[in-house]
Amino acid sequence: MAAPASTQTVDLVARFPDSVSADARPGYTGFIVKKENLLEVATAIRDEFGYDLLTAVTGVDYIAENKMEVVYHAYKTTGGAGLTFKVQVDRVDPVEVPSVVGIWAGADFQEREAWDLLGIKFTGHPDLRRILMWEGYEGHPLRKDWKEPFFEEEAKPFKSRWPDGQHTFAENKNPFRDNLKFPEGFDPEAYQPENEDDLYASLERFRSKGENDRLKTDHIVVNMGPHHPSTHGVLRVAVTLDGETITGLKPVMGYLHRNHDKIGERNTYLQIIPYTDRLDYFNSMSNNFGYVTTIEKLMKIPVAERAEYIRVIMAELSRIQNHLIFIGMLMNDLGTMYTPSLYAFEERELVLDIFEAVSGARMMCNYFRFGGVVRDIPDFAMQKIKDLVFDRLPAKTDEMERFLNENEVLVARLKGIHVLNAEDAIKYSVTGPVLRAAGVPYDLRRAEPYSVYDRFDFDVAVRHNADMMDNYLIRFDEIRQSLRILEQAIKQIPEGPINSQKPAYQVRVPAGEAYGRIESPKGELGFYVVSNGKPNPYRYHVRPASFVNLQAVESMCIGAKIADFVALLAMFDIVMGELDR
Amino acid sequence: MENEKLSLPNYNIPEDLENVVAITTLDRLYNWGRRSSVWPLMFGLACCAIEMIAAQTARYDMARFGMEVMRPTPRQADMMLVSGTVTKKMLPAIIRLYNQMPEPKYVVAMGACASSGGPFKEGYNVVAGIDKFLPVDVYIPGCPPTPQALIAGMIKLQEKIDKQSIKKVRWYEKGKVDSNYVPMPVLGPDLIDVRRNAEIKQAASQKTTQESA
């Protein structure tokens, strides 16, 4: 699959001859915008050219050229190729770039992440705090001159492990005998930890100033999490409450920040695949899909025909079990403890059986390879897939709907509780089922088809009320559409090789950049990879759906009741492994 | 009761009374009660938590071993299942939860990450194993461990409980209230384990002298 050359269809240089130039580096696409004109150009990109959805914002540290680069990927919700534009600044502290939050509110978290991990200061950002690490942490880890405490070498495979293993424990090399790194002469007894005043101050923005003449009450701050049964992992939310009404809300994350990007930049291209499994751990197949699609774009290699179908089958099975779990867990959050989720998990186990049969692992499949997949589907597994797709899953989906959809309590809790309207969803870069439930038929399988999705006949599930009920029902719609795709894929799947390449431990990836994205069950899952021709990626960045979608949670919940918060949060179907990476 | 192996082997109980009467020791009775009603803390960290949920569901059904009552509050829990990667940012919360659990309490490290840092060990925000802070009773290997492996680990924990004696357990020892209290780590320029303050101070100053020399 070739990289879309159509990113150049918009002639930004002709519109801004003085401030924009085409990115002429080999393997790169897009435009380089002068820092001073960024806001002007960005406004034109949104308003004149119609790129209303800013999906990814990230930074790259080009230390050899003494430059920092911020990369923006903007798309149209009507579909089609995207527009990549970049800002380059000198790598002299403070590295400052104007914030585009005023133009696309969806840049909020991603700019905070770039500040946290790369130390790029976005001037004009309303709330520029660290997001994944804590305030007071030393250094910006993704800078190329920053070394983690267990640093061994710049790139894997480490010389101590290969070709002959002479490995010593990482602890023995660190002066603190642990995964620790302190500045010189650090005195822990004299240290005053940072408090969280900044966090609580940021809540003030939405506090009502007692304009009405109701009973005067105090606002209280409640911290939910990071240990809370219904935040779907280790998410923490600081909420201010006026009685039961939420008046301010800030998600606090990073409790599962496992340094995916940094470890990825040390790994070889192939070594990253098992790490992508652990992003959204419900859908390791989808994560694999997104990553290999991106690298294949860079490598410009074809994918074996049979493997394309296997990929689609696996990704759609994954979507079905994800949505079933979503429904089960939503019921948990609403108080129907366990019973519906037991029904969901029963079906999930059957899907996992198939994953185990093809890949050897239930959850962490590590199944995709560049150019194909690692193993063919055995006959008995194919039979199981057919049984599930043609027989069991349609019946079970009907059954779930029959049991749940008209339940009085469920309808009372879900119907009419507003989630997000289309305008806000686009503004906050929300993708996936939440966007589609707001009436925007934006599904990457249609908007910019990847793999062989253009060969299947299916509808983009869309609903228009944007309330919780629609967000819930759209999951069933998507299961049905996935089943439709699966039926066609099973019928059409050709015989043949499962990989267009020879199996290799090391792949050659030509220098350049690529942004690959797929429609994961949670929304748009993107990977931004910069290669410099070496065996390891120079920059490896994940644009997770959960993380970006969560930006809307603040404006969505202000004014709602605290009791609805848990259900509103559930709508985004967040997974912490993907959110914090 | 015979299925529970509660009775001591040397006593002949008439057949019709076998399920009614048991002759046993206090330790055995006490441990039988505890091992069969371990209440885990409902506490998921990462990927392993999903397999923990899967182990609760119909196909694996951990309830068969008396461990299904997940409690979201640490005050009611007996066992902390550290199910996933322990990050530095999360660690203070984990320690606080552990300190809030009443004795007797057990810690099970589920998966490679909780046992040693696992695939993420090299990460700057990852604690290389929860055993650097909490006393771990059972380690379960795997990434993530299958539900079967988790159940096997739970059975190991039951075996451990079986071997304990009221006379020796730490929570009945005189003058040893809160014997397992773990001081809260501090989030500074990096994670500060306050028990190691002197060591950290020394190592940090040594580095200065080495580099200046």
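Residues numbered from 1 in each chain as written. Chains lettered and ligands numbered in written order. Predicted model: local features only at pLDDT ≥ 70, side-chain atom pairs only at ≥ 80, totals over all residues. Heavy atoms only, no water.

1. Details of the domain arrangement of chain A
All names here are of chain A. Considered domain by domain, chain A is made up of domain 1 (1-133 + 137-193) and domain 2 (260-579). Distance from the C-alpha centre of domain 1 to the C-alpha centre of domain 2: 25 Å. Between domain 1 and domain 2, roughly 3800 Å² of surface is buried when both sides are summed, and carbon and sulfur atoms account for 56% of that area. Across the contact surface, domain 1 and domain 2 share four salt bridges. Of the charged contacts, one joins Lys86 and Glu513 as a salt bridge, the two residues approaching to 2.8 Å between their closest N and O atoms. The interface formed by domain 1 and domain 2 contains 25 residue pairs in polar contact (both at pLDDT 80 or more). At the level of elements, strand S3 (53-62), strand S4 (67-75), strand S5 (83-90) and helix H3 (108-118) are the ones that each hand at least two residues to the side of domain 1 that touches domain 2. In terms of residue count, the dominant contributor to the side of domain 1 that touches domain 2 is S3 (10 residues). (Domains from an automatic or database assignment. Buried area = accessible area lost by both parts, 1.4 Å probe. Salt bridge = Lys/Arg side-chain N within 4 Å of Asp/Glu carboxyl O. Polar contact = N/O pair within 3.5 Å; in protein donor to acceptor, adjacent residues only side chain to side chain. Helix = DSSP H or I, 4+ residues; strand = E, 2+ residues; numbered from the N terminus.)

2. Focus on helix H8 (residues 284-299) of chain A
All names here are of chain A. Between its terminal C-alpha atoms H8 stretches 22 Å, which fits the 22 Å expected from 16 residues at 1.5 Å a residue. Of all 16 residues in H8, 16 are buried; the element is thus mostly enclosed. Count one or two residues on from H8 and you reach Lys300, which has phi positive near 55 degrees. (Expected span 1.5 Å × (residues − 1). Buried < 20%, exposed > 50% of the residue type's maximum accessible area, 1.4 Å probe, protein only.)

3. What to know about a nonpolar patch on the surface
A contiguous nonpolar surface patch, about 410 Å² in accessible area, is contributed by Tyr11, Leu17, Val20, Val21 and Ile23 of chain B. Judged by relative accessible area, which is 33%, Val21 of chain B ranks as partly exposed. (Patch = residues over 30% accessible without salt bridge, like charges linked within 9 Å, V, L, I, M, F, W, Y side chains within 5 Å. Areas by Shrake-Rupley, 256 points an atom, 1.4 Å probe, with all protein chains shown as cover.)

4. Comments concerning unusual backbone geometry
Residues apart from glycine generally show negative phi values, whereas peptide bonds are mostly found in trans. Glu103 of chain B connects to Pro104 of chain B through a cis peptide bond whose omega is -10 degrees. For Pro104 of chain B, the location among the structural elements is in the loop between helix H3 (91-100) and strand S2 (106-110). Cis geometry marks the peptide bond from Cys143 of chain B to Pro144 of chain B; its omega dihedral reads -10 degrees. Take Pro144 of chain B: it is sitting in the loop between strand S3 (138-140) and helix H5 (147-162). Here the phi dihedral of Lys300 of chain A falls at roughly 55 degrees; this positive angle occurs in a residue that is not glycine. Mapped onto the fold, Lys300 of chain A is located in the loop between H8 and helix H9 (305-334). Positioned with a positive phi, Ala466 of chain A is a non-glycine residue whose angle comes to about 60 degrees. Inspection of the secondary structure puts Ala466 of chain A in the loop between helix H15 (444-447) and helix H16 (468-492).

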